[in-house]
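Now for the letters of each chain:
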Amino acid sequence: MLEPLRQGLPPLDPAAVSNAASCALPARYEAVREARQFTRRTLDQWELGHRFDDVCLVVSELVTNALRHALPAGAQRIPEQAPPVRLHLMRWTERLVCAVRDPSHDSPVARDSDDFSAESGRGLFLVDSFSDSWGWHPLAGALSGKVVWALFRLPTGPGAGAAGAGAGD
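Residues numbered from 1 in each chain as written. Predicted model: local features only at pLDDT ≥ 70, side-chain atom pairs only at ≥ 80, totals over all residues. Heavy atoms only, no water.

### A short note on the overall build of the protein
At step 1: The secondary structure content of the protein amounts to 4 helices and 5 strands.
At step 2: Starting at the N terminus and ending at the C terminus, the protein contains elements arranged as β-α-α-β-β-α-β-β-α.
At step 3: Within the protein, the fraction of its 169 residues that count as buried is 37%.
At step 4: Looking at the protein as shown, the accessible area adds up to about 9,700 Å², and 49% of this sits on carbon and sulfur atoms. (Helix = DSSP H or I, 4+ residues; strand = E, 2+ residues; numbered from the N terminus. Buried < 20%, exposed > 50% of the residue type's maximum accessible area, 1.4 Å probe, protein only. Areas by Shrake-Rupley, 256 points an atom, 1.4 Å probe, with all protein chains shown as cover.)

Shown next as structure tokens:
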């Protein structure tokens, strides 16, 4: 399952980016709430508030995974370090990408669990369920670590978005 996830993002024309925003997140679990608030503000500014629930769930899972599994031991106790996790939101005409950068080189691991009552271990399953596609790739050059991303398709044309979501129902 993880082999295709090592691929980069599907081809996206950088010149067609409509909007982009990012925020640095500190190495503490309160950062998940900060990521949700940032996502809410950003999607509202981009008039994509109608996609907030799905996008927010995915952002929460990606940030939680980065904080839980990708930080070196003791990272949460060193406040003077630069924030090790960064959330990026990028919007193209027909796509929205959420990407979380972290310092780990380890690939994300989807856990196989038949225990659906477990309180953890299903994050990547949720990311896969709520986004149109997702994956990860290692960073190169001066940046070290990896980026885990999720892609959401956006409706285009007349009636697209929140105004057209309930029209005709």
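### A closer look at helix H2 (residues 52-69)
At step 1: With 18 residues, H2 extends 25 Å from end C-alpha to end C-alpha; this agrees with the ideal 26 Å at 1.5 Å per step.
At step 2: Every buried residue of H2 is listed here: Phe 52, Val 55, Cys 56, Val 58, Val 59, Ser 60, Leu 62, Val 63, Thr 64, Asn 65, Ala 66 and Leu 67. (Expected span 1.5 Å × (residues − 1).)

### A look at the packing of aromatic side chains
At step 1: Here the structure, examined in full by the defined rule, presents 0 aromatic pairs.
At step 2: Across from the ring centre of Phe 52, 3.7 Å away, lies the NZ or CZ of Arg 40, which sits over that ring. (Phe/Tyr/Trp six-rings, centres within 6.5 Å; stacked < 30°, edge-to-face > 60°. Lys NZ or Arg CZ within 6 Å of the ring centre and 35° of its normal.)

### Topic: the pairing of strand E2 (residues 85-91)
At step 1: As paired strands, strand E1 (residues 19-25) and E2 are joined by 7 bridges and run antiparallel to one another. By the bridge assignment, Ala 24 is partnered in E2 with Arg 86.
At step 2: Bridge count between E2 and strand E3 (residues 95-102): 6 bridges; the pairing is antiparallel. Counted as the bridge partner of Leu 89 is Cys 98 from E3.
At step 3: Linking two consecutive strands that pair antiparallel, namely E2 and E3, is a turn of 3 residues. (Pairing = 2+ DSSP bridges.)

### Quick look at the packing of H2 against helix H3 (residues 123-130)
At step 1: Direction vectors running N to C along H2 and H3 enclose 150°, while the axes themselves pass 9 Å from each other. Judged by the angle between their axes, H2 and H3 are roughly antiparallel. As H2 runs across H3, the sense of the crossing is left-handed. From H2, Asp 54, Leu 57, Val 58, Glu 61, Leu 62 and Asn 65 reach across to H3, where they touch Gly 123, Leu 124, Leu 126, Val 127 and Phe 130. (Axes fitted to C-alpha atoms, helices over the stretch in contact; angles between N-to-C directions. Parallel < 35°, antiparallel > 145°, perpendicular 65-115°, else oblique. Left-handed = near helix turned anticlockwise from the far one by under 90°. Contact = heavy atoms within 4.5 Å.)

### Some points on the environment of Ala 31
At step 1: Along the chain, Ala 31 falls in helix H1 (residues 30-45).
At step 2: As for Ala 31 and Thr 64, which are separated by 33 residues in sequence, their C-alpha atoms are 8.5 Å apart.
At step 3: Beyond its immediate chain neighbours, meaning those up to four positions away, Ala 31 contacts Leu 25, Pro 26, Val 63 and Leu 67.

### With respect to the pairing of E3
At step 1: The element E3 is extensively covered by neighbouring structure, given that 6 of its 8 residues are classed as buried.
At step 2: Where E3 lies against strand E5 (residues 146-153), 8 bridges are found, and the strand directions are antiparallel. What sits directly across from Leu 96, in E5, is Phe 152.

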